[in-house]
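Each chain, written out:
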Amino acid sequence: MTRVAIFGSAGRMGQAIVLAIERALADHAGGIDIGGDAGALAAISDVIVDFSSPLALGAHLTAAREARTPIVIGTTGLDAAHHALIDEVASEIAVIQAANTSLGINLLAALIEQATARLGPDWDIEVLEMHHRYKVDAPSGTALLLGAAAANGRGKSLPELSRFDRDGPRDEGSIGFASLRGGSVAGDHMVILATEGERIELGHRAEDRGIFARGAVKAALWLADKPPGRYTMADVLGL
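Residues numbered from 1 in each chain as written. Predicted model: local features only at pLDDT ≥ 70, side-chain atom pairs only at ≥ 80, totals over all residues. Heavy atoms only, no water.

Draft legend 1. Expanded view of the overall build of the protein. A count of helical and extended segments in the protein gives 9 helices and 11 strands. Relative to its length of 239 residues, the protein is compact, with a C-alpha radius of gyration of 19 Å against a globular reference of 18 Å. For the C-alpha atoms alone, the extent of the protein along its principal axes is close to 60 × 40 × 30 Å. Burial statistics for the protein: of 239 residues in total, 46% are counted as buried. Pairs at least 24 residues apart make up 69% of the contacts formed inside the protein by residues separated by at least 6 positions. If you sum the accessible surface of the protein, you get close to 11600 Å²; carbon and sulfur atoms cover 52% of it. Of note, the protein has its 21 positive side-chain charges centred 3 Å away from the centre of its 30 negative side-chain charges. (Helix = DSSP H or I, 4+ residues; strand = E, 2+ residues; numbered from the N terminus. Rg over C-alpha atoms; globule rule 2.2 N^0.38 Å. Buried < 20%, exposed > 50% of the residue type's maximum accessible area, 1.4 Å probe, protein only. Contact = heavy atoms within 4.5 Å. Areas by Shrake-Rupley, 256 points an atom, 1.4 Å probe, with all protein chains shown as cover. Lys, Arg positive; Asp, Glu negative; His and termini not counted. Charge placed at Lys NZ, Arg CZ, Asp CG, Glu CD.)

Now the structure itself:
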């Protein structure tokens, strides 16, 4: 069986990943948190799933590279320096970095890209998301993922089209964002495509955090025997 290690094992996601590993009939190689020996665990594992923190990611990537162990990174809040390091490490081992490991969300992103590629700039794009009251970042990483998919469909980058704060009429072709916070919502996302006289709504609702764990484990099992490179959840789904 494939031996799957967890970096960031004590949190809710870490515990959910343990259950997902068992259900996938894989082998839980062990888990670490702050202060744990990442190198030793990486050395006895076939693949790593990292849901720790941006501060720990550098050390975890070093451990994975030295052990030649593929790694799935579900940690969010990464900056340009993190992504540069991921690119560097991916030249030596297989890496997946995902803002969201839900299979449904990643399929939704592909559908959004296809839709915006076929609709003109007269179709306005709005990304709406809602999360629990304790979530810190806004828009969510998943909202940005979906916005980027919409921009890709139009042959642009998200920074070229995104509008996070605005006053007055919208700019044609721009992508707007709205963030709602309240209660215990695990994650609701909707992309609205609207033009004169009609509207398309493409959405996803996360009812259980286990969906992210199951997607991460599916990605890990897919990645375990891959050659060095930076892969995506779309690769896992064959999109």
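Right, picking up where we left off after that structure.
Draft legend 2. Molecular detail of the packing of aromatic side chains. In total, this model carries 2 aromatic pairs according to the counting rule given. On the numbers, 4.9 Å between centres and 35° between planes, the contact of Phe-164 with Phe-177 is tilted. Placement of Phe-164 in the loop between β7 (162–163) and β8 (175–181) and of Phe-177 in strand β8 is noted, with a sequence separation of 13 residues between them. Overall, the relative accessible area of 41% leaves Phe-164 in the partly exposed class. With relative accessibility at 10%, the residue Phe-177 sits in the buried group. Centroid distance Trp-222 to Tyr-231: 5.4 Å. Interplanar angle 80°. Geometry classified as edge-to-face. Given a relative accessible area of 23%, Trp-222 falls into the partly exposed group. The exposure class of Tyr-231 is buried, given its relative accessible area of 16%. (Phe/Tyr/Trp six-rings, centres within 6.5 Å; stacked < 30°, edge-to-face > 60°.)

Draft legend 3. The arrangement of the sheet that holds strand β9 (residues 188–195) in detail. As summarised here, the arrangement of the 5 strands in space is β7-β8-β6-β9-β10, forming an open sheet in which the pairing is mixed. Two strands lie at the open edges of the sheet, namely β7 and β10 (198–205), each paired on one side alone. With 7 bridges connecting them, strand β6 (residues 124–131) and β8 associate as parallel partners. Bridge assignment links Val-127 to a residue of β8, and that residue is Phe-177. (Pairing = 2+ DSSP bridges.)

Draft legend 4. Layout of the packing of helix α1 (residues 12–23) against helix α8 (residues 210–223). At a minimum axis distance of 8 Å, the contact between α1 and α8 shows a crossing angle of 55°. Regarding the angle of α1 to α8, the classification is oblique. Relative to α8, α1 is oriented so that their crossing is right-handed. On α8, the residues that touch Met-13, Ala-16, Ile-17, Ala-20, Ile-21 and Arg-23 of α1 are Phe-212, Ala-213, Arg-214 and Val-217. (Axes fitted to C-alpha atoms, helices over the stretch in contact; angles between N-to-C directions. Parallel < 35°, antiparallel > 145°, perpendicular 65-115°, else oblique. Left-handed = near helix turned anticlockwise from the far one by under 90°.)

Draft legend 5. Focus on unusual backbone geometry. The omega torsion of the bond from Ala-138 to Pro-139 falls at -5°, within 30 degrees of zero and hence cis. As for its placement among the helices and strands, Pro-139 is situated in the loop between β6 and α6 (141–153). For Leu-25, which is not glycine, the phi torsion reads 60° and is therefore positive. By the secondary structure assignment, Leu-25 is in the loop between α1 and β2 (27–32). Overall, the relative accessible area of 66% leaves Leu-25 in the exposed class. In this structure, Arg-68 is a non-glycine residue whose phi angle is positive, near 60°.

Draft legend 6. The side chain of Ser-174, seen in detail. Summarising the element assignment, Ser-174 is placed in the loop between β7 and β8. From its side chain, Ser-174 meets the backbone oxygen of Asp-171 in a polar contact 2.7 Å long. Residues in contact with Ser-174, not counting those within four places in the same chain, are Ile-125, Leu-161 and Arg-163. (Polar contact = N/O pair within 3.5 Å; in protein donor to acceptor, adjacent residues only side chain to side chain.)

Draft legend 7. Spatial organisation of the sheet that holds strand β11 (residues 229–231). Spatially, 6 strands are ordered β2-β1-β3-β4-β5-β11 in an open sheet, and the strand pairing comes out parallel. Taken across any chain shown, the strands that pair with only one partner, and hence form the sheet edges, are β2 and β11. Each strand of the sheet is rotated relative to its neighbour by a mean of 20°, with strand direction disregarded. In terms of strand pairing, strand β5 (residues 94–97) meets β11 through 3 bridges, oriented parallel. Counterpart to Ala-94 in the pairing with β11 is Gly-229. Contacts from α1 reach β1 (3–7), β2 and β3 (47–50) within the one sheet, and its direction differs from that of β1 by about 175°.

Remember, this is a structural readout, not a statement about activity or role.
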